[in-house]
Amino acid sequence: MPSKDSLFAFTLPEVVAEVVQLSQLACSGAVRSLWMFKPAFQRFRDIWRSYRHRFVPWVALNLSKNEKTLRKVTERCRDKVVPDEEVLRSLWKLFSALIRSHGADHRELRAAHVTKEVPCIEEEQPAEKPECRHDAMLRCLGFCIDRQPSTLPSAGTGVFVTKGFVPGGATVAMYPGTVYQAYEPILLQSISNPFVFRCIDGVLVDGNDKGISRMVFRSCSGRDRLGPFMMSDTSWLTATPHNPLAVGQYVNNCSNERPANVCYQEFDVPDKFPLELYQYLPNVNYSQDARRPLRCVVLVSLRDIAAGEELFSNYFTIVN
């Protein structure tokens, strides 16, 4: 029968082996715990990366680190790169081509609103063969753009010039979405939403094509329609927008290595804009009784852009 002391007698190798075994068990348990939380950590990281550009303290702390990504203007009135007339001319030209390419007849719409005294597009015969929206864009503006995987790491989707040549000062894209005045509610729509664009005067444009933002846009667009005629374009919520310019929400932010080649410019739709062309505007007011023109945001080229180049903008404009 062993003595009492022999029950607690271990050799040094046995003690070391026991400690190693316990350490391995503890490590494996910790690894399993971390593995269980890995999806949550990854989800939090993705949310933070998409939200941080709207988190004011983070923006303030990081402005000095990315000087080349900032656009600076001396005052609000100097924010425009090209006159509004140039933007209007480009949109009018493209939308007129789109409406003719589909052979649409809007004489009823014009007759119903003859009292508004707005100019209408010139009467032309429809094209013999339906023209692709990108072909119409190439013919009218001299270039095409489309969504493709971005060249930036972890940036997701980007916007590229796929055909033709973009001259400096051209209207390259539009930022679609529901337009909110500074006093209108947008809290629920802004949660986990990286596509809320803030204009200099506080007007917000929600360019998210998913979730509650999608439902709000469809609801407001249906509210504003005039019988069978749409007064805004809901097709930007799909993979094939009727207006090929309506992909501006996917233009990525520039970096120190890849400077901006386009910039945002606010554009208020004038009263003289033809009613039959409203169907291609990818914006709608959240409130039906908004006492101001419809706000659109366009992207204007800062330099010549060749086919194959990705579009990059400045997410932040500093008004001194």
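Residues numbered from 1 in each chain as written. Predicted model: local features only at pLDDT ≥ 70, side-chain atom pairs only at ≥ 80, totals over all residues. Heavy atoms only, no water.

Re the sheet that holds strand β9 (residues 262-268)
Under the convention used in this document: Pairing between strands is defined by DSSP: at least two bridges between them are needed. What counts as a helix is a DSSP run of H or I of at least four residues, what counts as a strand is a run of E of at least two, and both are numbered from the N terminus. Here, axes are lines fitted to C-alpha atoms. For helices the fit covers the stretch in contact, and angles between N-to-C directions go from 0 to 180 degrees. Two residues qualify as a contact provided that any one of their heavy atoms is within 4.5 Å of a heavy atom in the partner residue.
Across the sheet, three strands lie side by side as β4-β11-β9; this open sheet has antiparallel pairing. Two strands in the sheet have a free side with no partner beyond their single neighbour: β4 (171-175) and β9. The mean inter-strand angle of the sheet, taken between neighbouring strand axes irrespective of direction, is 35 degrees. Strands in contact with helix α3 (residues 84-101) are β4, β9 and β11 (295-301); relative to β9, the strand with the most contacts, it is inclined by about 85 degrees.

Quick notes on α3
Basically, it comes down to this: Given the number of residues in a helix, its expected span is that number minus one, multiplied by 1.5 Å. When accessible area is computed with a 1.4 Å probe and restricted to protein chains, residues below 20% of their type maximum are described as buried, those above 50% as exposed, and intermediate ones as partly exposed.
Helix length check: α3 (18 residues) gives 26 Å between terminal C-alpha atoms against 26 Å at 1.5 Å per residue, within 8%. Buried within α3 are the following residues: V87, L88, S90, L91, L94, F95, S96, A97, L98, I99 and S101. Check the buried side of α3 and you find it contacts α5 (133-141), β4, β9 and β11.

Quick word on the environment of K163
As for its position among the elements, K163 is in strand β3 (residues 157-166). Owing to a relative accessible area of 44%, K163 belongs among the partly exposed residues under this scheme. Residues in contact with K163, not counting those within four places in the same chain, are L138, G142, F143, C144 and A307.

Considering the nonpolar core
This is how it is decided: Nine residue types can take part in a nonpolar core, namely buried Ala, Val, Leu, Ile, Met, Phe, Trp, Tyr and Cys, and a core is a set of them joined through side-chain atoms within 4.5 Å.
In this structure, F95, I145 and L281 are the most contacted members of the largest nonpolar core, which totals 52 residues. Those elements that place two or more of their residues in this core are α3, α5, β2 (143-149), β3, β4, β9 and β11. In terms of nonpolar packing, the next biggest core, distinct from the first, is built from eleven residues, V196, V216, F217 and A246 among them.

Points about the side chain of E184
This is how the line gets drawn: In summary, the charge assignment counts Lys and Arg as positive and Asp and Glu as negative, without counting His or the chain termini. Any Lys or Arg side-chain nitrogen located within 4 Å of an Asp or Glu carboxyl oxygen qualifies as a salt bridge. N or O atoms closer than or at 3.5 Å make up a polar contact, with two conditions inside protein: a donor-capable atom paired with an acceptor-capable one, and, for residues adjacent in sequence, both atoms drawn from side chains.
Among the structural elements, E184 can be located in the loop between β5 (177-180) and α6 (187-190). The charged side chain of E184 is buried without a salt bridge, its nearest counter-charge being R223 at 7.9 Å. Within the structure, the side chain of E184 is placed 2.8 Å from the backbone nitrogen of Q181, a separation counted as a polar contact. The contact partners of E184, leaving out residues within four places of it in the chain, are V179, Y286 and S287.

With respect to the pattern of salt bridges
For the structure on display, the rule yields nine salt bridges. R89 serves as the salt-bridge partner of E86, at 3.0 Å between the closest nitrogen and oxygen. Of the two residues, E86 and R89 are both situated in helix α3; the distance of three residues between them amounts to about one turn of the helix. A salt bridge links R295 to E266, with the shortest nitrogen-to-oxygen separation between them at 3.5 Å. Of the two residues, R295 is situated in strand β11 and E266 in strand β9; the sequence distance between them amounts to 29 residues. Sharing partners across several salt bridges, the network here consists of D201, E266, D268, R292 and R295.

Topic: the sheet that holds strand β12 (residues 305-306)
One open sheet accounts for three strands, arranged β2-β3-β12; its pairing is antiparallel. In the strand order of this sheet, the two ends are held by β2 and β12, each with one partner. Relative to β3, β2 runs antiparallel, the two being bridged by seven bridges. Following the sheet pairing, C144 is matched in β3 by K163. Strands in contact with α5 are β2 and β3; relative to β2, the strand with the most contacts, it is inclined by about 135 degrees.

The analysis is restricted to geometry; functional conclusions fall outside its scope.
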